[in-house]
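An overview of the molecular structure
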Amino acid sequence: MKSGRGNGLGNSRKLALLPLIAATFFMVSGGPYGTEEVVDKAGYAGALLIFLIVPLLWSLPSALMVSELASALPEEGGFYQWVKRGMGPFWGFQEAWLTLAGSVFDMALYPTLFVYYIAHFIPSLARGHWPALLGLGMIFVCTVWNIFGTRAVGEGSIVMALVLFVPFLALIALTFSASGSAERSPMALGHADWLGAVLIAMWNLMGWDNPSTIAGEVRNPQRTYPLTMAGALLLIVVTYLAPIGAVAHAGIDPNSWTTGGWVDLGRHFGGEGLAMALAAGGVIGAIGSFNALMLSLSRLPLVMTMDGYLPRVFARKHPKTGMPWVAIVACAFGWAVAFRLGFVALAVMDVLLTGLSVLLEFWALVALRVHEPNLPRPYRVPGGLTGAIAIGIGPASLIALAFLRNWTEHTTHFDALSLCLLLIALGPILYGVGRARQRHAIARP
């Protein structure tokens, strides 16, 4: 079965520009939460430099690639459809598999962060069975929210983004008012780890392709996607640089940063009220990111079902909202498996697996330029075929660094690279199973 260009939603129920920018913000970022590890590993100057360079090498090329392919092929399933069309069904399947495998580790991060920030309000919830119950509760809420529809997620993302920004604006203002009287002295970083910092920054700047999977649910996608990429990229880079720069200006020791350090900084500059506001922002960021990513990633089982790889049940849609509720619920169950692993381990696994899927998209960009030069492209990466090849060099170099970094290291009690290689090797096997299912479906009377 071939997948269609839309999902049957009326135009009034589709996402407009601002909700898509807000959803993209949460798919990629979700605010400065998670940047603490970069400051801890590279210091202020290093973190600011990394959040200037990594967007140029990683985010900007991804945004340019998505702008061209999403406007040229605005189909439900997004990047899966691009790779399948440019490189064939085998690589299209690998694209979907790598993304879904990486999502198990990525999506586990947000319930973990959610529980961490909730515990700032009630510390006892960080002990016993409460973390598991709270994480599962967040997953349940986001599942129901997604079934309510695409617009519910997009418009909810606008509100959550605005609420999330407020305490950071207050923190920035307070750091500058306090820094005038502060006595600052040089602060040496006690445990520099530049490659580790780059790896965490890549995770903080990953996911530009995710909005493409809902192209059939977006108004005027040919115009909307390039504008979304530009707006979200500017918003996210400023969101990272401004608060880190403000705290650096205030002279806070970078060695004191840990996961959740924004809350401690809020307490230092603004008292318990600002600390609680930043903790609430962390809760919102975790919910917003999980919710928006669920909207994107749950479309992959849907389009794979339409291509015959999965049972038809995954294509069932809610009669009122039109959402693929079975695919949404199935993804939620899968993501609930790994959320108790450590933050750094989960981020590394996500970067290694999802990073490879992003490289396939860059190769599809080049393949489509070669095989379909006359394909209408409302937005085109500048520089012709050379430009299309060149923008993939930066992301490929960073992914190579990530693999080299983990070649001999253990991020926790297991070897992240070995597990990644095992999951990668499963892709061709699962493709063979899926093809057999396709042939069986065709052979049935």
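Each remark here, short or long, concerns the structure printed above.
Residues numbered from 1 in each chain as written. Predicted model: local features only at pLDDT ≥ 70, side-chain atom pairs only at ≥ 80, totals over all residues. Heavy atoms only, no water.

So, the packing of helix H5 (residues 130–147) against helix H9 (residues 261–297)
- The contact between H5 and H9 brings their axes to 9 Å, and the two run at 50 degrees. Put simply, H5 runs oblique to H9. Every pair of crossing elements has a handedness; the one defined by H5 and H9 is right-handed. Packed against H5, whose contacting residues are Met138, Ile139, Cys142, Thr143, Trp145 and Asn146, the element H9 presents Ala286, Ile287, Phe290, Asn291, Met294 and Leu295 at the interface.
- Tallied by class, the residues present in the contact of H5 with H9 amount to 9 nonpolar, 3 polar and no charged. (Axes fitted to C-alpha atoms, helices over the stretch in contact; angles between N-to-C directions. Helix = DSSP H or I, 4+ residues; strand = E, 2+ residues; numbered from the N terminus. Parallel < 35°, antiparallel > 145°, perpendicular 65-115°, else oblique. Left-handed = near helix turned anticlockwise from the far one by under 90°. Contact = heavy atoms within 4.5 Å. Nonpolar A, V, L, I, M, F, W, Y, C, P; charged D, E, K, R; others polar.)

Overview of the layout of surface pockets
- A volume near 390 Å³ is recorded for the largest pocket.
- Together, 17 residues line the largest pocket, and Trp97, Leu100, Pro301, Met304 and Leu310 are the ones closest to its centre.
- Only helix H4 (89–118), helix H10 (299–306), helix H11 (325–335) and helix H15 (416–443) provide two or more residues apiece to the lining of the largest pocket.
- With 5 residues, H4 is the single largest residue contributor to the lining of the largest pocket.
- Considered class by class, the residues forming the lining of the largest pocket number 14 nonpolar, 3 polar and no charged. (1 Å grid on protein atoms, 1.4 Å probe; cavity = no way out; pocket = protein on both sides within 12 Å on 5 of 7 lines; lining within 4 Å. Points joined across faces, edges and corners; volume = space filled by probe spheres on them.)

Section: the packing of aromatic side chains
- The full count for this structure, using the stated rule, is 14 aromatic pairs.
- The interplanar angle of 75 degrees and the centroid separation of 5.2 Å between the aromatic rings of tyrosine 33 and phenylalanine 168 together place this pair among those described as edge-to-face. Here phenylalanine 168 lies in helix H6 (residues 150–179) and tyrosine 33 lies in the loop between helix H1 (17–28) and helix H2 (36–72), a separation of 135 residues in the sequence.
- Summarising the aromatic geometry, the rings of phenylalanine 93 and tyrosine 431 are spaced 5.6 Å apart at their centres and angled 65 degrees between planes, so their arrangement reads as edge-to-face. Residue phenylalanine 93 is found in helix H4, and its partner tyrosine 431 is found in helix H15; the two are separated by 338 residues along the sequence. (Phe/Tyr/Trp six-rings, centres within 6.5 Å; stacked < 30°, edge-to-face > 60°.)

Focus on H2
- The end-to-end C-alpha distance of H2 is 38 Å, clearly below the 54 Å that 37 residues give at a rise of 1.5 Å each.
- At glycine 43, H2 shows its largest bend, some 120 degrees.
- For H2, the tally of buried residues reaches 28 of 37 residues, placing the bulk of the element in the interior. (Expected span 1.5 Å × (residues − 1). Bend = angle between axes of the 7 residues up to and from the residue. Buried < 20%, exposed > 50% of the residue type's maximum accessible area, 1.4 Å probe, protein only.)

Comments concerning the nonpolar core
- Counting 135 residues, the largest nonpolar core has Phe114, Trp262 and Phe290 as its most contacted members.
- Ranked by the residues each element gives to this core, the list is headed by H9, at 18 residues.
- Ignoring sequence-local partners within four residues, the contact set of tryptophan 262 consists of Pro32, Tyr33, Thr35, Glu36, Phe168, Leu171, Pro243, Ile244, Val247, Trp257 and Leu278. (Core = buried A, V, L, I, M, F, W, Y, C linked by side-chain atoms within 4.5 Å.)

A look at the side chain of serine 62
- Residue position: serine 62 is located in helix H2.
- Judged by relative accessible area, serine 62 falls into the buried class, the value being 5%.
- With sequence-adjacent residues up to four places away left out, serine 62 is seen in contact with Trp208, Val358 and Phe362.

Section: the side chain of serine 296
- Along the chain, serine 296 falls in helix H9.
- Exposure remark for serine 296: the relative accessible area of 0% places this residue in the buried category.
- Those residues in contact with serine 296, other than ones at most four positions away along the chain, are Met27, Asn210, Pro211, Thr213 and Ile214.

As for the environment of valine 54
- Here valine 54 is to be found in helix H2.
- Judged by relative accessible area, which is 4%, valine 54 ranks as buried.
- Setting aside residues no more than four positions away along its own chain, valine 54 makes contact with Ser59, Val198, Ala201, Met202 and Leu205.

Focus: the pattern of salt bridges
- What the rule picks out here adds up to 10 salt bridges.
- Residues arginine 85 and glutamate 372 are paired through a salt bridge, measuring 2.8 Å at the closest nitrogen-oxygen approach. Remark: glutamate 372 occurs in the loop between helix H12 (343–371) and helix H13 (384–390) and arginine 85 occurs in helix H3 (residues 79–87); sequence separation between them is 287 residues.
- Since its relative accessible area comes to 38%, arginine 85 is described here as partly exposed.
- Looking at glutamate 372, the relative accessible area reads 23%, which means it is partly exposed.
- A cluster of three or more residues bridged by salt bridges with shared partners is formed by Glu68, Arg369 and Arg377. (Salt bridge = Lys/Arg side-chain N within 4 Å of Asp/Glu carboxyl O.)

Remarks on H5
- For H5, with 18 residues, the first-to-last C-alpha span of 26 Å sits near the 26 Å given by 1.5 Å per residue.
- Positioned one or two residues after H5, glycine 149 has a phi angle of 130 degrees, which is positive.

Points about empty space enclosed by the protein
- Counted under the stated rule, the structure contains 4 cavities of 30 Å³ or more.
- As for the largest cavity, its lining consists of 16 residues, and the residues nearest its centre are Asp106, Asn210, Leu293, Asp350 and Thr354.
- Listing elements by their share of the lining of the largest cavity, those giving two or more residues are H1, H4, H9 and H12.
- The element best represented in the lining of the largest cavity is H4, accounting for 5 residues.
- For the lining of the largest cavity, the class distribution of residues is 7 nonpolar, 6 polar and 3 charged.
- In this structure, the second largest cavity spans a volume of roughly 80 Å³.

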